[in-house]
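# Close look at the chain arrangement
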Amino acid sequence: LGAGLRREPRRWPIVGSRGVQHALVVAEVAMAVVLFVGSTLMIRSFIHLSTIDTGFAAAGVTTFQVTLPPSRPLSELTRVGDALVDRIAAMPPVHGVGYAESLPMVPVGRMAVLSTTPVVPKPDPSSPRLDVRIVSHDYLDVMGMRIVAGRGLTEHDGAGQPRVMLINEALARERFPGGTAVGQRLYLGGVLTFDPPGRTGPLEPWEVIGVVADVRQRTVIEPATPQIFVDQRQVPGPTNNSSINVVVRMDGDPAPLLASLRPLIAQLDA
């Protein structure tokens, strides 16, 4: 076979003219340049996104969701969440645990309007809304969210205590330009009043106890919008929500913790 191949002259087909060959070379170079420029822009965008301060620290955090039947009241969801936090916090590799109604980068949140008077006007579709985040008192610490003024939520800010809230820097700049937000009293109304059904009379005030560094709650590239954080234990009315998102900051592989969650939750509420 080898001898036959050596005797056979190699004849390759001629493709087009020299002009066509030049055109093909130009097209290949053009495509290579486009690919190079596109790759460079993509790498620059990636570097830019990786350096954006999102306002929270996701490294080392494991999350999972717990859902109760929709017929259960909010108090039961809070009870299960607090009991679960206490159990998980006692595990050796865990440094912190909390929960929230929704997590950052999840475009799900509650909207409300703020007022400086107890009587909040009916919501106007054209009026600005603020993002309301219902959290446990230790959620911000676990997520690495920074308090830049005042204080954060504590275990003493529970049910029956004076209502308190945290606001982010964007809301502080909007409502208190050049002033101090900590210590101000505001009223929540509009879409969400946080008051039991059938309640009449003026709304109860919420005191601003701290300012949280801006957190990008929806996307990395979207700047933070005005937000408030309230303790779930201080939400007296129904929220039409039956789930909590638990966040656990821990060392090592989270697989053993995750494997023990189902029986642990079954012990708390079958």
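Residues numbered from 1 in each chain as written. Predicted model: local features only at pLDDT ≥ 70, side-chain atom pairs only at ≥ 80, totals over all residues. Heavy atoms only, no water.

Within the secondary structure layout, Ser 136 lies in the loop between strand E4 (130–135) and helix H4 (139–142). Here Ser 136 falls in the buried class, since its relative accessible area comes to 2%. In this structure Ser 136 touches Gly 98, Tyr 99 and Leu 153, once residues within four positions along its chain are discounted. (Helix = DSSP H or I, 4+ residues; strand = E, 2+ residues; numbered from the N terminus. Buried < 20%, exposed > 50% of the residue type's maximum accessible area, 1.4 Å probe, protein only. Contact = heavy atoms within 4.5 Å.)

What the rule picks out here adds up to ten salt bridges. Of the charged contacts, one joins Arg 133 and Asp 131 as a salt bridge, the two residues approaching to 2.8 Å between their closest N and O atoms. Summarising the burial analysis for this pair, Arg 133 and Asp 131 share the class buried. Notably, a salt bridge pairs Asp 231 with Arg 233, separated by 2.8 Å at the nearest N-O pair. One salt-bridge network, in which partners are shared between bridges, spans Arg 72, Glu 76, Arg 79 and Asp 269. (Salt bridge = Lys/Arg side-chain N within 4 Å of Asp/Glu carboxyl O.)

Glancing now at helix H3 (residues 74–89). A rise of 1.5 Å per residue sets the reference length of H3, with its 16 residues, at 22 Å; its end C-alpha atoms lie 22 Å apart and thus fit the reference within 8%. Of all the residues in H3, the buried ones are Leu 74, Leu 77, Thr 78, Val 80, Gly 81, Leu 84, Val 85 and Ile 88. All buried residues of H3 project into a common sector of 165° when viewed along the axis, lining one side. (Expected span 1.5 Å × (residues − 1). Arc of directions from axis to C-beta.)

Moving on to the nonpolar core. Soluble, globular proteins show a tendency: their nonpolar side chains are buried together. In this structure, Leu 84, Ile 88, Met 165, Ile 167, Ile 228, Val 246 and Val 248 are the most contacted members of the largest nonpolar core, which totals 40 residues. At six residues, H3 tops the list of elements feeding residues into this core. Residue contacts for Ile 228: discarding those within four places in its chain leaves Leu 130, Asp 131, Val 132, Arg 133, Met 165, Leu 166, Ile 167, Leu 171 and Leu 188. (Core = buried A, V, L, I, M, F, W, Y, C linked by side-chain atoms within 4.5 Å.)

Residues Val 25, Val 29, Val 33, Phe 36, Val 37 and Leu 41 make up a contiguous nonpolar surface patch of about 560 Å² in total accessible area. Assignment of secondary structure puts Val 37 in helix H2 (residues 18–50). Residue classification places Val 37 among the partly exposed positions, given a relative accessible area of 40%. (Patch = residues over 30% accessible without salt bridge, like charges linked within 9 Å, V, L, I, M, F, W, Y side chains within 5 Å. Areas by Shrake-Rupley, 256 points an atom, 1.4 Å probe, with all protein chains shown as cover.)

With 84% of its residues at a pLDDT of 70 or more, the protein has an overall mean of 83. Confidence, read as mean pLDDT per element, is least for strand E3 (residues 110–115) in the protein (72) and greatest for H4 (95). (pLDDT = per-residue confidence, 0-100.)

Next up on the list: the pairing of strand E6 (residues 164–168). With five of five residues buried, E6 lies mostly within the body of the structure. Side chains Val 164, Leu 166 and Asn 168 of E6 all project onto a buried face; the interleaved residues Met 165 and Ile 167 project onto the opposite face, where all are buried too. Where E6 and strand E8 (residues 206–212) come together, five bridges link them in parallel fashion. Among the inter-strand pairings, Val 164 is bridged to a residue of E8, identified as Glu 207. In terms of strand pairing, E6 meets strand E9 (residues 227–231) through two bridges, oriented antiparallel. Opposite Leu 166, over in E9, you have Phe 229 as the bridge partner. (Pairing = 2+ DSSP bridges.)

Running from N to C, H3 and helix H6 (residues 255–268) point in directions that differ by 135°, and their axes come no closer than 11 Å. Between H3 and H6, the crossing angle belongs to the class labelled oblique. For the pair H3 and H6, the crossing hand works out as right-handed. Only Leu 257, Leu 261, Leu 264, Ile 265, Gln 267 and Leu 268 of H6 make contact with H3, whose side of the interface consists of Arg 79, Val 80, Ala 83, Leu 84, Arg 87 and Ile 88. The residue makeup of the contact of H3 with H6, split by class, is nine nonpolar, one polar and two charged. (Axes fitted to C-alpha atoms, helices over the stretch in contact; angles between N-to-C directions. Parallel < 35°, antiparallel > 145°, perpendicular 65-115°, else oblique. Left-handed = near helix turned anticlockwise from the far one by under 90°. Nonpolar A, V, L, I, M, F, W, Y, C, P; charged D, E, K, R; others polar.)

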